[in-house]
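Coordinates in review
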Amino acid sequence: NVGIKRRMKRFFRRDGRALIFAMDHGFEHGPTDFEEHWEHVNPRIIIKKVVRAGIDGVMMLPGLARAAGIDVKPNVGLMIKLTSKTNLRPKDDQLLQSQLGFVEDAVKLGADAIAATVYWGSPQEDAMMRQFAEIASYAHDLGFPVVQFAYPRGPYINEKYGRKEDYRVVMYGARAAVESGADMIKTYWTGSRETFAKVVDAAAGVPVLLSGGAKTDNPVDFLKLVWDVIEAGGAGAVVGRNIFQREDPEPFIKALLRVVHRNEDPEEAAKA
Ligand code: FBP
């Protein structure tokens, strides 16, 4: 599908790698996520900074893109995510992502890719599989790549593997993402290059992006993590808190870009 291939290139440079900014936290975690640097709760301010720093793409929910009238430069990929949940839900319902927008909404907003989350292993896995299938089938018909946030989580995982970041669980989610039709995968860090390389293998050629996670106190620690992802064959990262919870995200993004696209040593990248 030519449309899918062309649109993937809005995110991935010639090296096949991408650094994407994530900003769905106001919905998924609540605005408290922005309290460390409150001005970043304003999408116009933070998006301007990340774009100026040279980010490859941005990811958000359709409403924010519309409400903020975000004018993302044409050379920056726009990923619109169609599922989410609030942190206000009862605990038992936290293992479901609901659909809050439609493929047409994303297309009208100028999206280059469409994203949806599946919590593999959730008691509500079936509903999210169907949701993903509907989104992917229609998006593919229209020539749009689909990104799966393949996040294994659920009681059986904890019982059997102890943690959702166990590589056997993460690579299972990545494989399930491929088999359900994903063109890009976003998932957790497994703790080592060796194990993350297995996740990349299980994804059978579909690019695997790291899901950033909580902000590290030391910025170099996050650069090292992204370096390990790249060395393991990962295609880059989708990063939220590690960018917008920093006072001065621009130099940090530039350092991240050097690690992702130039394989630069994290310590060196941080100094430059
Ligand atoms: P971060 O880099 O801040 O982890 O953002 C990635 C992301 O997937 C967001 O898109 C999402 O809001 C958040 O993490 C979900 O995190 P969790 O499900 O662990 O609360």
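Above: the structure in question.
Presented here is a report on the structure given in the accompanying data block. As the structure is a prediction and not an experimental result, all values here were calculated from the model. Here, residues in each chain are numbered from 1, in the same order as that chain's written sequence. Side-chain atom pairs in this predicted model are given and counted only at pLDDT of 80 or more, local residue features only at pLDDT of at least 70, and totals for whole chains, interfaces and linings cover all residues. The side-chain values count all of the structure's non-hydrogen atoms but skip hydrogen atoms and water molecules.

Taken together, the buried positions of helix H9 (residues 193-202) are Thr195, Phe196, Val199, Val200 and Ala202. All buried residues of H9 project into a common sector of 165° when viewed along the axis, lining one side. Exposed residues lying more than 90 degrees from the buried face of H9 are Glu194 and Asp201. Where the residues of H9 are buried, they touch helix H8 (167-179), strand S8 (184-187), strand S9 (208-211) and helix H10 (219-231). Numbering of helices and strands runs from the N terminus; a helix is a DSSP stretch of H or I covering at least four residues, while a strand is a stretch of E covering at least two. Phi turns positive one or two residues past the end of H9, at Ala204, with a value near 50°. The buried label applies to any residue whose accessible area, calculated with a 1.4 Å probe on protein chains only, is under 20% of its type's maximum; exposed applies above 50%, and partly exposed to all values in between. This arc corresponds to the set of directions leading from the helix axis out to the C-beta atoms. It only takes one pair of heavy atoms within 4.5 Å for two residues to be counted as in contact.

So, about the pattern of salt bridges. Criterion for a salt bridge: a side-chain nitrogen of Lys or Arg within 4 Å of a carboxyl oxygen of Asp or Glu. Evaluation of the coordinates by the stated rule reveals 16 salt bridges. A salt bridge links Lys215 to Glu36, with the nearest nitrogen and oxygen atoms 2.8 Å apart. Placement of Lys215 in the loop between S9 and H10 and of Glu36 in the loop between helix H2 (25-28) and helix H3 (43-53) is noted, with a sequence separation of 179 residues between them. On the basis of relative accessibility, which here comes to 26%, the residue Lys215 falls in the partly exposed class. In this structure, Glu250 and Arg52 form a salt bridge, with 2.8 Å as the shortest nitrogen-oxygen distance. Taken together, the positions of Glu250 in helix H12 (residues 249-262) and Arg52 in helix H3 put the pair 198 residues apart, joining distant regions of the chain. One network of salt bridges, with partners in common, ties together Asp24, Glu28 and Lys81.

We call a residue near a molecule or strand whenever a single non-hydrogen atom of that residue lies within 4 Å of it. Close contacts around the ligand come from 16 residues, with His29, Tyr151, Lys186, Gly213 and Arg241 the closest. In the model, an oxygen atom of the ligand is placed 2.8 Å from a nitrogen or oxygen of the Asp24 side chain. Residues adjacent in sequence count toward polar contacts only when both atoms are side-chain atoms; beyond that, a polar contact is any pair of N or O atoms within 3.5 Å, and within protein one must be able to donate a hydrogen and the other to accept it. Between the ligand and Gly240 there is a distance of 2.7 Å, counted from an oxygen atom to a backbone nitrogen or oxygen. Each accessible area value is a Shrake-Rupley result obtained with a 1.4 Å probe; residue values ignore everything except the protein chains displayed when judging cover. Taken by itself the ligand offers 470 Å² of open surface, and the protein chains cover 89% of this. Those elements that provide at least two residues to the shell around the ligand are H2 and strand S10 (236-239). Residues are sorted three ways: Asp, Glu, Lys and Arg are charged, Ala, Val, Leu, Ile, Met, Phe, Trp, Tyr, Cys and Pro are nonpolar, and all the rest, Gly among them, are polar. Partitioned by chemical class, the residues of the shell around the ligand number five nonpolar, six polar and five charged.

Sheet architecture is closed into a barrel: eight strands sit in the order S1-S2-S3-S6-S7-S8-S9-S10, paired in parallel fashion. Here the average twist between neighbouring strands, direction ignored, is 25°. Of the strand pairs in this sheet, S8 and S9 are connected by three bridges, and their pairing is parallel. Within S9, the position partnered with Lys186 by the bridge is Leu209. Only C-alpha atoms enter the line fits that serve as axes; for helices the fit covers just the stretch in contact. Angles between N-to-C directions range over 0 to 180 degrees. The sheet strands contacting helix H6 (residues 125-142) are strand S6 (113-118) and strand S7 (146-150), and the helix crosses S6 at an angle near 170°. Think of it this way: DSSP has to see at least two bridges between two strands before they count as a pair.

A separate point is the nonpolar core. Within the largest apolar cluster, 86 residues are counted, with the highest numbers of intra-cluster contacts made by Phe21, Val50, Ile55, Val58, Met79 and Met184. Non-local contacts of Met79, meaning those with residues more than four positions away in its chain, are made with Phe11, Ile20, Val58, Met59, Met60, Ala113, Ala115, Val147 and Met184. Residue types Ala, Val, Leu, Ile, Met, Phe, Trp, Tyr and Cys, when buried and joined through side-chain atoms within 4.5 Å, form a set referred to as a nonpolar core.

This part covers the packing of aromatic side chains. Each aromatic ring pair is described using two quantities: the centre-to-centre distance and the angle formed by the ring planes. Put simply, two rings from Phe, Tyr or Trp (the six-membered ring, in Trp's case) pair if the centres are within 6.5 Å, and we call them stacked under 30 degrees between planes, edge-to-face over 60, tilted for the rest. All told, the structure shown has six aromatic pairs when counted by the stated rule. Each ring, one from Tyr151 and one from Tyr188, has its centre 5.0 Å from the other, and the planes form 25°; the classification is stacked. Residue Tyr151 is located in the loop between S7 and helix H7 (155-161), and its partner Tyr188 is located in the loop between S8 and H9; the two are separated by 37 residues in the primary sequence. Like Tyr188, Tyr151 is buried. Geometrically, the ring pair formed by Phe222 and Phe252 is tilted, given 6.2 Å between the ring centres and 40° between the ring planes. Taken together, the residues Phe222 in helix H10 and Phe252 in helix H12 connect sequence positions 30 residues apart. For Phe252, a relative accessible area of 7% puts it in the buried group. These aromatic residues form a ring-pair network of at least three members: Phe21, Phe34 and Phe244. For a ring to carry a charge above it, either NZ of a lysine or CZ of an arginine must fall within 6 Å of the ring centroid while also lying within 35 degrees of the normal to the ring plane. Lying over the aromatic face of Trp227, Arg193 brings its terminal NZ or CZ to 5.1 Å of the ring centre. Across from the ring centre of Phe252, 4.4 Å away, lies the NZ or CZ of Arg246, which sits over that ring.

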